[in-house]
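Listed here are the chains, written in short residue letters.
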Amino acid sequence: MNQKNPEKGYVALLGWSLGAIDAVDRFDRRYVVVAPEWAEAYAKEHDIPFIPWDFERLNDRSYEIAQMLQDKGVDVAIPLFEETVEWAGAINSVLLDQPRLFGQAMLFRDKALMKRRAQLGGIRVGIFEEAHDKADVVRFLKRVNQTLLKLHGDPNDPIHMKAFDKAGCLGHRVIRTPDDVDNIPDDEFPALLESHLDGWEFAVEAWIHGGKIRFLNISEYVTLGYSVFVPATPELESYRPQITRQIEKLIKTFDIEFGFVHPEYFVTNDGVMYFGEVAYRPPGFNVFELLERSYGFNAYQGLVLAFDPKTTDEEIEAFFPQPVADATGHAGCFGVYPRRRVVSELQIPEETENHPYFEFHELNPPWEQKVTKRTAFGTHWGLVYFYGDDPHRMRDLLKHQEELDFYV
Amino acid sequence: MPAESPEARLKQLTDHLDRAQDRLAQARPFAKSTQTVRVLEITRRVMTLPGGIEVVYARIGDLEQAGLFAASDWAHPDKLQPAMAANTIRTGSKEAILLECLSELRLAAVARGRHHHPSLTAEQATRLITQILALNLRLIFRQLTEAERLALGPLAEVVQSHYEFVARQIGFGDILEQLVDEIWRILAQRPVQVDHVKDMITSVAVCLSQPDNGLEGGAQFRGAERLISAVYGPTRGCQEDPGLQVYQERLETMDQPTLRNEALGFGRAMHDTGLVSPYHPVFLRFLRNRYDELISEALGLSSTGSDALACYRDLVFRLIDEAVWPETAQTIYGLAGLLERGILYNPPLAPALWRQINLQLCPAAIQRLGGESLNSVAPRVHLLAAILNVLGQPLGVGQGNNPTCQAARALSMWSSNDPDYLLQLVAWAARDNDVVMHFEGQAIHSGELVSALPPLTDVDPLSAVIVPHLDAIYHAMGRLCVGRPEDPHRWINPEFHGWWVGHGFAIAVDVASGQLQAYEDFLRLFYACYHPLYNGNNPVIHPQPAGIAVTDSAARFMGWHAISIQRVALDPSGAMRVYFFNPNNDSGQDWGGEVRVSTAGCGERFGEASLPFAAFASRLYIFYYDPREVPAQVQAPPEEVSEVLQLATTSWARDRQPTA
């Protein structure tokens, strides 16, 4: 049992994540969970400090929760999910008496605003535009491909469409033809349109305190939406100095003093780095879990350190390991989507099951036989975890999983 | 990719397991479940490798410490039910099956003194694991049924190796002894359905015949030999289990005294155990028309039974000719019981049985009996045989794995009380596929309702044919009571079962809120109506339906259940007990808080369960009585009433106390 240290900060976790609560409960900071009402009974049963809150939409009650947390003596609020990022901004602007934090949070929540801000800060971004209806999408698709000097009949370069305010791959569509546009439901507008960049996509996780990067991880995507592993291959890690400079630029442009960012970038074939987007909350695909597996530190506890204004430099330096050098191995995971249209059971492919890198899976047996057709980068059916020494073997292994049936 | 040796893989997976175990240990109780799933997933793979089970066994104490069983059904091993545990292996989810295996490894480790457990002694663990193994004995010998194999899928191999491993830790001898005791305990209740008992006996026989079973043999298995011989070789003429054909040939060469000895042997074996050997029908059919005078002995009849046989010779012989085959051997025991009960002297019964013999079954009934089969006796014969069993053993009826306790209870009641009515209902169900009953003057036909119901599993053929009809009618009566302010059983049970069900109705709880309601008055009234020392020394005249709040061995409320009160009497030790019929297949249950239902040794007749009066009252929540027979001055011993109150409010009624 970790004794709570009243000298250190008191944090509020915005959103319900058992992994995060477990980590923070085992840490030396006092905490309270602010999450929807449905979690209240469970929290009560397990003595988890809890305040029920409806995060559905930011409203005039945001000041009320900020006041409530301030009265309790809470120092800072930590967003765990995309939907709570603007709440954290609003609350922290009160708790820390820094009104600009709210405006900063709104930048993180609106992908179009985010891109413009990045562009203003001199960060290289692809071509992008807001779309309010299907006509906007068709126009953008045509214009981008005109720019690329495609002739009539050449296959189009795809464009990407992303919801303004959704996390990760949710609501992310790849559009190649005007026919694809017809399949977009109207309620997905407005959205952000981006040109497609051929290149190497990766993500970064950076813990920031006192305006400085305290730990920087590069997550290598083997295939976007399917698989990721940490630390990255030496080839990608060779860009670390450049990447670090990019993140420093990001920190400056977005005026980030503390906390955690999770941006995505492209490196094109000529080594130029393009900014994709940035989130101010933990990444999906359980990257935190992978980091713990390969470095041994708990990334949520790191999150608390990075947000807590009372954290000292010595404390934070002692907490984080040396990137890459201190990793004991490479940890990766693969998100499973059923490949067949009709499935009846979960069956881990024998070669996966017997692979020395395979650790465990969190796949459930199918609860419906018909697989809904994927229209966007949807939700996977569960993750399969791997761990091993060789990053290239890991990469190829994760890639190979895409060709296997986990549901038959 | 180089193929790795199993040793290297085991080493690697063991590392994964240790890591997952550490993560589990770190996690707070509320976050353990995520980690548990991972540990289980790795454990499964470890256990498939040679030496893997040993690896898990060596860590089982640490795994438990880490919280593997926390917040699951396995958290309190002292409360585990062997039957439930044994069933989990066959019917549980993948996760539950693995947890069950790990829990059994834990029990084995505690039993062998390798792991000390705060709430379980080595003796308790030994008893528990032995019982579980006894119930899954077939798995130790790798005798999975096809259905089990399919259900277990890739886990089948793990589960079988697991049982072999655990059985080696515990020793086969202990397991067998337990199993034999268990079989005797069940047989003491004389169930109609004995297929699973015969299966268990077969397992024991297989085990004893294995040359490398490591058993000393001898005295401790005497009980086993009696069971095995009752099924496989009850008499001199068939003691080495020669096969039905050979035995048939031997009979042709036997003289009258030898045949008499065979008859006595069959009768004795059957009444000792309640089991009938398939040789018995061969013998009985051989006697017919040759040595009819030996039939009384072959049925093991007393003078009462012999007299009934003599009076209804033609009928009984015809029943033997029609219903007694090796496939329906058990019906001989039913026939003997029917004769001993003297119910043939009830005028409508013999003609009703003649009707039954000639009854044409409708297609729906044939289907409920499993359809026509070329290799077995006809559905009509199965039904007739089951009728003899139910009439001969009214308290042997069980509900199988179906939520139909009211129907099973009704069958038992009619069999003991109103057998010709039962035969009438069977005729309607089997011939017409339509049973008619009346509720407050309104006719209810089951024919229109019955097709929607799923088929029953694991019941005797009579129940298979009639219970769907009874269930449909029971529910239809329930629908007619919708909107009435009180518990519908108040009106349904007297209409459903018969005129003899008391029209006074007492219930311990308020139906709307589920809270206790005038509970002490309820208890006092029960004493005044049923306890001979407070009701003017009146016995229970007809079995009366009653409702029980069933609790588990930790005295937690599990649900409402229908039973019938058979009689109230002093037991051999002079204590007042309630003897009751529980349509559940095994009445010997631990209801927690010292309330342990006895099935033998406290003056029970075959098939009865019993509890001391106060203990019974503490689980009672509905009973019926005749308001005209309530004594003018209701009296009950105050100290006993408060004892009952205590037992109830510390168990099922814990959260049902009205807020004043």
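Everything numeric in this text was worked out from a predicted model, so none of it was measured. (Residues numbered from 1 in each chain as written. Chains lettered and ligands numbered in written order. Predicted model: local features only at pLDDT ≥ 70, side-chain atom pairs only at ≥ 80, totals over all residues. Heavy atoms only, no water.)

This part covers the packing of aromatic side chains. Residue and element names in this part refer to chain A. Summed over the entire model, instances satisfying the criterion amount to 58 aromatic pairs over all chains. On the basis of an interplanar angle of 75° and a centroid distance of 5.7 Å, the ring pair of Phe258 and Phe307 is categorised as edge-to-face. With a gap of 49 residues between them, Phe258 in the loop between α10 (240-253) and β12 (259-268) and Phe307 in helix α12 (residues 299-307) connect regions that are remote in the sequence. Judged by centre distance (6.0 Å) and plane angle (50°), the rings of Tyr295 and Phe297 are tilted. Accessibility expressed as a relative area gives 10% for Tyr295, which makes it buried. (Phe/Tyr/Trp six-rings, centres within 6.5 Å; stacked < 30°, edge-to-face > 60°. Helix = DSSP H or I, 4+ residues; strand = E, 2+ residues; numbered from the N terminus. Buried < 20%, exposed > 50% of the residue type's maximum accessible area, 1.4 Å probe, protein only.)

Looking now at the domain arrangement of chain A. Residue and element names in this part refer to chain A. When the domains of chain A are assigned, the result is domain 1 (10-103), domain 2 (128-195), domain 3 (203-328) and domain 4 (332-401). Relative to domain 4, the C-alpha centre of domain 3 lies at a distance of 25 Å. With 19 residues of domain 3 in contact, the opposing surface of domain 4 contributes 20 residues. Carbon and sulfur atoms supply 61% of the area that domain 3 and domain 4 bury against each other, a total of about 1600 Å² over both sides. Along the contact surface separating domain 3 from domain 4 lie one salt bridge. Between Glu359 and Arg293 there is a salt bridge; the shortest N-O distance is 2.8 Å. For the pair domain 3 and domain 4, the interface holds seven residue pairs in polar contact (both at pLDDT 80 or more). Mapped by element, the contributors of at least two residues to the side of domain 3 that touches domain 4 are β10 (212-223), β11 (227-230), α9 (234-237) and α11 (287-295). The element best represented in the side of domain 3 that touches domain 4 is α11, accounting for four residues. (Domains from an automatic or database assignment. Contact = heavy atoms within 4.5 Å. Buried area = accessible area lost by both parts, 1.4 Å probe. Salt bridge = Lys/Arg side-chain N within 4 Å of Asp/Glu carboxyl O. Polar contact = N/O pair within 3.5 Å; in protein donor to acceptor, adjacent residues only side chain to side chain.)

Taken together, the 25 residues of chain A in the interface contact 19 residues of chain B. For the pair chain A and chain B, the summed buried area comes to about 2200 Å², and 47% of that belongs to carbon and sulfur atoms. Put simply, chain A and chain B have five salt bridges between them. Where chain A touches chain B, the interface holds 12 residue pairs in polar contact (both at pLDDT 80 or more). Elements supplying a minimum of two residues to the side of chain A that touches chain B: α1 (18-25), α11 and β15 (358-361) of chain A.

All names here are of chain B. We note that the domain assignment places domain 1 (6-170), domain 2 (182-214 + 221-232), domain 3 (247-345), domain 4 (356-480) and domain 5 (504-649) within chain B. A straight line from the C-alpha centre of domain 3 to that of domain 4 covers 27 Å. Between domain 3 and domain 4, the residue contacts involve 17 residues of the former and 19 residues of the latter. Both faces combined, the contact of domain 3 with domain 4 buries some 1400 Å², and carbon together with sulfur accounts for 68% of it. The largest contributions to the domain 3 side of the interface with domain 4 come from Glu322, Glu327 and Arg341, which together make up 32% of the buried area. Put simply, domain 3 and domain 4 have one salt bridge between them. Of the charged contacts in the structure, one is a salt bridge between Glu322 and Arg380, with a shortest N-O distance of 2.9 Å. Our enumeration of links across domain 3 and domain 4 arrives at six residue pairs in polar contact (both at pLDDT 80 or more). Those elements that place two or more of their residues in the side of domain 3 that touches domain 4 are α18 (313-323) and α19 (331-341). Top contributing element to the side of domain 3 that touches domain 4 by residue count: α19, with seven residues. Split into classes, the residues belonging to the side of domain 3 that touches domain 4 amount to eight nonpolar, five polar and four charged. (Nonpolar A, V, L, I, M, F, W, Y, C, P; charged D, E, K, R; others polar.)

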